[in-house]
Amino acid sequence: MDRQSFCRQISVNGQNVSFYEIGLLEKQGVAEIGRLPFSIRILTENLLRKLDSRVVTEEHLVNTARWRTSYDSPVDVPFHPARVLMQDFTGIPAVADLASMREAVSAMGADPGLVNPLVPVELIIDHSVQVDYYGCVQAAELNVKKEYERNGERYSLLRWAQNSFANFRTVPPGSGICHQVNLEHLGRVVMTELKEDGRVAYPDTLVGLDSHTTMINGLGVMGWGVGGIEAEAVMLGQPYYMILPQVIGIRLTGELQPGVTATDLVLTVTEMLRKYNVVGKFVEFVGPGIRDLSVPHRATISNMTPEFGATLTLFPVDERTIEYLRKTNRTSRARLAETYCKANNLFYSGDRDPEYTDLLELDLSKVVPCVSGPSRPQERIPVSDLKKALCAGQGQGDSAVPVEIEINRAPTRLSNGSVVIAAITSCTNTSNPSLLMGAGLVAKKAVEHGLKVPPYVKTSFGPGSTVVPRYLKEAGLMPYLEALGFHVVGFGCTTCIGNSGPLHPAVEKAIIDNHMNVAAVVSGNRNFEARIHQRVQSNYLASPMLVVAYALAGRLDIDLTTEPVGYDPNGEPVYLEQLWPSEEEIRERVDHYVVTPFFEQEYARLYEGDDNWRALEGGESLIFNWDPESTYIKNPPYFDNFSVDIQPPSELQGARVLALLGDSVTTDHISPAGAIPQDYPAGQYLIDQGVQPEHFNSYGSRRGNHEVMMRGTFGNVRLKNRLAGGRQGSYTTKLPEGGEAFIYDAAMQYASEGTPLIVIGGKEYGAGSSRDWAAKGTRLLGVKAVMACSYERIHRSNLVCMGVLPLEFLPDQNADSLGLDGTESYSTSGMEDLRPGKEISVSAVKKDGSAIQFTCRARLDTDVEVEYYLNGGILPYVLQKMTGDSNVRSTDS
C-alpha cells in the first residue's frame, strides 16, 4: 500500500496544506470508514500517515481500519502521539530519568545529545503549590513564595531542561493547571508540520503524565494519561503500543434541567460507567443532547474519565469545538480544524452515529443535583438524600457530642459531619465558566443576606488558569467570594491533589482528641481516603456552587432542599433556592464577561514567569550537574551498572509476600503522596539528612529523590496490609521469623538475604492516578511480580515498563478462594518462551510444607510488552535501541 497515494490538499488560512485522507480507504474497498468511532478514525489516520512497513505495517493499518466491536484476542498497534504533556510531580522524575540517560549514553562513549525529545513536550508546574495561607488577599502571593522556598532545587532542574532539551517548554508556577491550560491554550485540535514536500496537517494527539490528560477529549483531541516511563519513550521517538479497544458510545438526549450543573452530570456519568465497567475501553459521546453541551461542560465530563475507568472519553469535533477555539483566541486554528476535519471524515454533524461495541443512552433531563462520597467518586448521592445517608450511619465518627473549640479568640463548636475544608479547586470544574459564575452568584446572594462561613471551615479558591479571576472580577463577583473567604490561593491543583495545607491547630486537635469524622467538600475529581487531608475522613465531590453552600452551612448533615443554609442577622432562615442563580443570570454573565481578549492577554505571558522564576539558575550544559547534597533531586539508579548483555528474568524461587492487599487498592495507597510522616522511614531518612520536619514538604515535591520515594512506597497511613496484624499504615510482617516492620525496612532485609518479593492484591489493583512511582517504588523495593484479580490500565502498563511482572488470578479465583494468607513461600514455572497472556504456574508452600498449586495469567498484553519485560523495562530497552545495540531481546529471539 502506497502511503503517498492517500495524500490530498486543502486550502486554509491562505495556504495549501497536505493531509492523508482516510476516506480513500473506503473508496478503495479496504474498509468502511463511515462506521468507525471517531477515536478509531483518528487512530487510522495516525497509522496511515506513519505507514513505513517497518514500525507501522499495512497489517496494522488494515486491522485498525477494519476495527471490530470486540476481539477474541488482543490486537496491538503502534500509535505515534503528536506531543507530550507533563506536570511537575510526574515530570520531575521523567526529566531526571532523561538526564540520567544522557549520562549513561555519555559513559558508553556515545553522544548524550541523542537523548532529546523528538516531539513537542510541554511541562506545566502546577502540582506543588499548597494552601498554607488562605482567607486573605495576600494568600496567593504568600503561597507562591512558600512554593519556591520548598521547591527551588526541583525548579532549577526544570529550568535546565528548558535550556538543554530541544522541543521542551516549561510553564512556570502560577500559570494554571496543566489540563486547563491545555484546554484553553495548548490544544491544537489539528496540527501542522513542515516536511520536505510541504506542510502536512494531522489530528492533535497526545499522551500525558497525568491520568486527567483526558480532559482535552472534550475539545475533540485524542489523548490520555500514561506512565512517565512510557511518555519518556514517546518523547524519544518510540511508538506507544496499544491494544485496539472496545468503544462504548453514549447517546445523549434531552437537556439539563434548571439548577442542574455539569458537575451533577459528570458524577452521574461516573456512577453509571463504573457500574457498566468501561475499564480499558474508549468512550464516545454522540446524539442530539451534546449539541447543547458547551466545550467546558464536555471537558468536565472528559476530565473524570479515570474516575469511571475508561481510557478516554471523546467528544468529536463539531460546531461547538470551533466556537470554543474562536472564543479562546485560536481563530486560525479554528479555521484549520473545521476545514481539515470536514475534509477527512472527522467532523461530527449528527447525521449518522458510528458503530460501537455497545451504545448506552442517557437522558440529560433525568440528572439531579448530587454529590459523591465519602471516599470514592462513583458513590453518588442526590443532595436531597445526603442527610439521610449520613444519619443512616455512613461516615459516623466515635464522638457524637459537639466539641467546643476556640478559633481566633472566638468560641465555636465542631461535631461529626462538620465541614472543615471547602475548596473550589481542580481543573475539572474551574475550567467551566458557568460553574464559577454560578458560585460567584451564590456568594453574592449569600453576602447580601448577611450569611457568613463558620470559622472552622478552611475556604480556598484555586483556579486552573489566570483567566478565571479576570472574568470574575469583571463580572463583579470576586469581592463576594472573598467576603466568604474564597480568596485565590494560587493557580494550581492545590486541594484536589491533597495540597490542602494545615487545618487550624484547634480544629486538628479536636479531631484527634475526640476521634471525630469531619468532612471536606471540594469541586475536584478524587476523594480517596486520606487524599484531601490525612485528618479528614469523609470527602465529598460537589459543584463549586454547592461547595459555597455547604461552606455556609458548615456541615453535611443537612438537607439543602428543605432546610435553611443559615440564618441572616435578624434570625430569618435563608434557603438554597434563595441563593441559587437562574440559568439566565449565569448565561448573561458568561456571554458578557468571558471574552477573547482575556485569553489573549493572559496566555501571551504564559512562559515568562515571575521574579522568582527568572532568578533560578538553569544552565545550558548537555549533562546535568547533580548536587550530591540535594534532598530533592538524585541521579536515579536505573542505569547503575548498565550492561548491554541483559539477562532475561528467571523463575521466582522462594519469593515472599511483602503486602497482601484487598480490592480497590489505588495508586494513592501504593505511591508516596501527601505529607511525609516524621516517624515513617522517609521522614527518618530526611531527618538523617539534616532536614527538619517543618521542611519535609510533600512526597510529591520529592519525586526526584528515589531514596525518599522508595521509603514511602506502600506508605499510605490508610493502607490495609493483611500481613500487618490489623494495623493500618506502612507495616508488614517479616517472614519467616514473624516480626513486625515497616514495609521499606522489611524489603531491605529481604534484599540483604537475596529473597525476591511479590505483592498480592484484589480487584482493580492500581486504580486512580497514573503515578509512575507506584511502579518505580515497587521495583526499587525488590518486588518481582504482583498477583491481582484485575488491574487498572495505566498501573499494569507501568509495572511492565519497570520490569515487574503483573500476574492475574484466573476468573473466580483470588487469595481467599485459594487459601493464601501471605505467609507462604512462592515459586513459579513457565517463564521460558514468554508470550502475551501466557499462563504461569505458581506454587505456594506453607509453613508445614504443604503446597497450594494454582495458575496465573501473565498480563503482558502485547509482544512489545514482552520485549520490555525481557529487557528489564522500557528504559533499558530504549537505551539499547538508541545506541544501536544488537542485544535487545525480542519475543522471537
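Please refer to the structure higher up on the page.
The text that follows walks through the structure, step by step, so that each part is easy to find. These figures come from a predicted structure and were not determined experimentally.

## Some thoughts on the overall build of the chain
Stage number 1. Within the chain, the regular secondary structure consists of 32 helices and 34 strands.
Stage number 2. Computed over its C-alpha atoms, the radius of gyration of the chain comes to 27 Å, within 12% of the 29 Å expected for a compact globule of 893 residues.
Stage number 3. Referenced to the eigenvectors of the C-alpha coordinate spread, the extents of the chain come out at roughly 85 × 75 × 55 Å.
Stage number 4. When the 893 residues of the chain are sorted by exposure, 63% land in the buried category.
Stage number 5. Where the 82 positive side-chain charges of the chain centre and where its 107 negative ones centre are 1 Å apart.

## What to know about the packing of helix α4 (residues 88–107) against helix α5 (residues 139–164)
Stage number 1. For the pair α4 and α5, the least separation of the axes is 10 Å and the interaxial angle reads 60°. With respect to each other, α4 and α5 are oriented oblique. Here the hand of the crossing between α4 and α5 comes out left-handed. On the side of α4, the interface is formed by Asp-88, Phe-89, Ile-92, Val-95, Ala-96, Ala-99 and Arg-102, while α5 contributes Arg-154, Tyr-155, Leu-157, Leu-158, Trp-160, Ala-161 and Ser-164.
Stage number 2. Class assignment for the residues of the contact of α4 with α5 results in 10 nonpolar, 1 polar and 3 charged.

## Examining the sheet that holds strand β6 (residues 168–171)
Stage number 1. Sheet architecture is open: 5 strands sit in the order β6-β5-β4-β9-β10, paired in parallel fashion. Looking at strand neighbours, the two that pair on one side only are β6 and β10 (222–225), the edges of this open sheet. Within this sheet the neighbouring strands show an average axis-to-axis angle of 20°, counted without direction.
Stage number 2. Sheet topology places strand β4 (residues 83–87) next to strand β9 (residues 205–208); 3 bridges connect them, and they run parallel. Residue pairing across strands places Leu-85 opposite Gly-208, the latter belonging to β9.
Stage number 3. Strand contacts of helix α6 (residues 178–186): β4, β5 (121–124), β6 and β9, with the helix running at about 140° to β4, the strand carrying the most contacts.

## Remarks on empty space enclosed by the protein
Stage number 1. Inspection of the entire model under this criterion finds 10 cavities of 30 Å³ or more.
Stage number 2. Lining the largest cavity are 22 residues, and of these His-127, Asp-210, His-212, Ile-497 and Arg-531 lie nearest its centre.

## Quick word on the sheet that holds strand β13 (residues 282–286)
By definition, the strands of a sheet pair up through backbone hydrogen bonds, in either a parallel or an antiparallel sense.
Stage number 1. Strand order in the open sheet formed by 4 strands is β14-β13-β12-β15, and the pairing between neighbours is parallel. Both outer strands of the open sheet, β14 (312–314) and β15 (358–363), are each paired with one neighbouring strand and no more. Taking each pair of neighbouring strands and ignoring which way they run, the sheet shows an average axis angle of 25°.
Stage number 2. Inspection of the sheet shows strand β12 (residues 247–253) paired to β15 by 6 bridges, in the parallel sense. Bridge assignment links Thr-253 to a residue of β15, and that residue is Asp-363.
Stage number 3. Contacting β12, β13 and β15, helix α8 (residues 262–276) runs over the sheet at an angle of about 145° to β15.

## A closer look at the pairing of strand β29 (residues 757–760)
Moving residue by residue along a regular strand, the side chains alternate between the two faces of the sheet.
Stage number 1. Side-chain alternation along β29 places Leu-757 and Val-759 on one buried face and Ile-758 and Ile-760 on a second face that is also buried.
Stage number 2. Relative to β29, strand β26 (residues 656–660) is paired through 4 bridges, and the arrangement is parallel. The residue bridging Leu-660 from the neighbouring strand is Ile-760, located in β29.
Stage number 3. Bridge analysis of β29 against strand β30 (residues 783–788) gives 4 bridges, and the strand direction is parallel. Paired with Leu-757 across the two strands is Val-783, which belongs to β30.

## Topic: helix α32 (residues 874–882)
Stage number 1. Within α32, 8 of the 9 residues are buried, which leaves it mostly tucked inside the rest of the structure.
Stage number 2. Listed as buried for α32 are Ile-874, Leu-875, Pro-876, Tyr-877, Val-878, Leu-879, Gln-880 and Met-882.
Stage number 3. Where α32 is buried, its residues contact α4, α7 (228–235), α29 (793–801) and α31 (863–870).

## Notes on the packing of aromatic side chains
Stage number 1. Per the stated rule, a full pass over the model turns up 18 aromatic pairs.
Stage number 2. Centre to centre, the rings of Phe-79 and Trp-224 are 5.6 Å apart; their planes meet at 25°, and the pair counts as stacked. Taken together, the residues span a long stretch of sequence, with Phe-79 in strand β3 (residues 76–79) and Trp-224 in strand β10 at a distance of 145 residues.
Stage number 3. Accessibility expressed as a relative area gives 1% for Trp-224, which makes it buried.
Stage number 4. Three or more aromatic residues joined by ring pairs form one cluster here, namely Trp-160, Phe-165, Phe-168, Phe-624 and Trp-626.
Stage number 5. Here the basic side chain of Arg-41 rests over the ring of Phe-38, its NZ or CZ set 4.2 Å away from the ring centre.

## Some thoughts on the layout of surface pockets
Stage number 1. For the largest pocket, the calculated volume is near 1,400 Å³.
Stage number 2. Lining the largest pocket are 48 residues; nearest its centre among them are Glu-508, His-533, Gln-534, Ala-675 and Ile-676.
Stage number 3. For the lining of the largest pocket, the element with the highest residue contribution is α5, accounting for 5 residues.
Stage number 4. Of the pockets and cavities examined, the second largest pocket occupies roughly 1,200 Å³.
Stage number 5. Elements with a contribution of two residues or more to the lining of the second largest pocket: β11 (240–243) and α29.
Stage number 6. Within the lining of the second largest pocket, the residues separate by chemical class into 14 nonpolar, 10 polar and 14 charged.

## Structural notes on unusual backbone geometry
Stage number 1. Cis rather than trans, the peptide bond between Gly-373 and Pro-374 has omega equal to 15°.
Stage number 2. Its identity is not glycine, yet Asn-329 carries a phi of approximately 70°, on the positive side.
Stage number 3. Here Asn-329 shows up in the loop between α11 (319–327) and α12 (331–343).
Stage number 4. Its identity is not glycine, yet Asn-408 carries a phi of approximately 50°, on the positive side.
Stage number 5. Along the polypeptide, Asn-408 turns up in the loop between β18 (403–407) and β19 (410–414).

## Quick notes on the pattern of salt bridges
For side chains bearing opposite charge, pairing can occur when the charged atoms are close.
Stage number 1. Counted under the stated rule, the structure contains 53 salt bridges.
Stage number 2. The residue Asp-318 makes a salt bridge to Arg-298 at a minimum N-O spacing of 2.9 Å. Separated by 20 residues along the polypeptide, Asp-318 in the loop between β14 and α11 and Arg-298 in helix α9 (residues 295–303) bring together distant segments of the chain. Each of the two residues, Asp-318 as well as Arg-298, counts as buried.

## As for the pairing of strand β32 (residues 825–829)
Stage number 1. Side chains Tyr-826 and Thr-828 project from β32 onto a buried face, and the interleaved Ser-825, Ser-827 and Ser-829 project onto a face without burial.
Stage number 2. With 5 bridges connecting them, β32 and strand β33 (residues 839–845) associate as antiparallel partners. The partner of Thr-828 across the bridge, within β33, is Val-842.

## Thoughts on the side chain of Ser-630
Stage number 1. Structurally, Ser-630 can be placed in the loop between α23 (611–614) and β26.
Stage number 2. Here the side chain of Ser-630 touches Glu-153 through a polar contact of 2.3 Å, side chain to side chain.
Stage number 3. In contact with Ser-630, not counting residues within four places along its chain, are Glu-153 and Asn-705.

## Focus: the environment of Val-144
Stage number 1. When you line up the elements, Val-144 lands in helix α5.
Stage number 2. For Val-144, a relative accessible area of 16% corresponds to the buried category.
Stage number 3. For the pair formed by Val-144 and Pro-173, sequence separation is 29 residues and the distance between their alpha carbons is 7.8 Å.
Stage number 4. The residues touching Val-144, leaving out its near neighbours within four places in the chain, are Asp-610 and Asn-612.

## A closer look at the state of the cysteines
Stage number 1. A full pass over the atoms with the stated rule returns 0 disulfides.
Stage number 2. Counting only cysteine sulfurs, Cys-178 is the nearest neighbor of Cys-493, a cysteine outside any disulfide, at a range of 6.1 Å.

Definitions and cut-offs
Residues numbered from 1 in each chain as written. Predicted model: local features only at pLDDT ≥ 70, side-chain atom pairs only at ≥ 80, totals over all residues. Heavy atoms only, no water. Helix = DSSP H or I, 4+ residues; strand = E, 2+ residues; numbered from the N terminus. Rg over C-alpha atoms; globule rule 2.2 N^0.38 Å. Buried < 20%, exposed > 50% of the residue type's maximum accessible area, 1.4 Å probe, protein only. Lys, Arg positive; Asp, Glu negative; His and termini not counted. Charge placed at Lys NZ, Arg CZ, Asp CG, Glu CD. Axes fitted to C-alpha atoms, helices over the stretch in contact; angles between N-to-C directions. Parallel < 35°, antiparallel > 145°, perpendicular 65-115°, else oblique. Left-handed = near helix turned anticlockwise from the far one by under 90°. Contact = heavy atoms within 4.5 Å. Nonpolar A, V, L, I, M, F, W, Y, C, P; charged D, E, K, R; others polar. Pairing = 2+ DSSP bridges. 1 Å grid on protein atoms, 1.4 Å probe; cavity = no way out; pocket = protein on both sides within 12 Å on 5 of 7 lines; lining within 4 Å. Points joined across faces, edges and corners; volume = space filled by probe spheres on them. Phe/Tyr/Trp six-rings, centres within 6.5 Å; stacked < 30°, edge-to-face > 60°. Lys NZ or Arg CZ within 6 Å of the ring centre and 35° of its normal. Salt bridge = Lys/Arg side-chain N within 4 Å of Asp/Glu carboxyl O. Polar contact = N/O pair within 3.5 Å; in protein donor to acceptor, adjacent residues only side chain to side chain. Disulfide = S-S within 2.5 Å.

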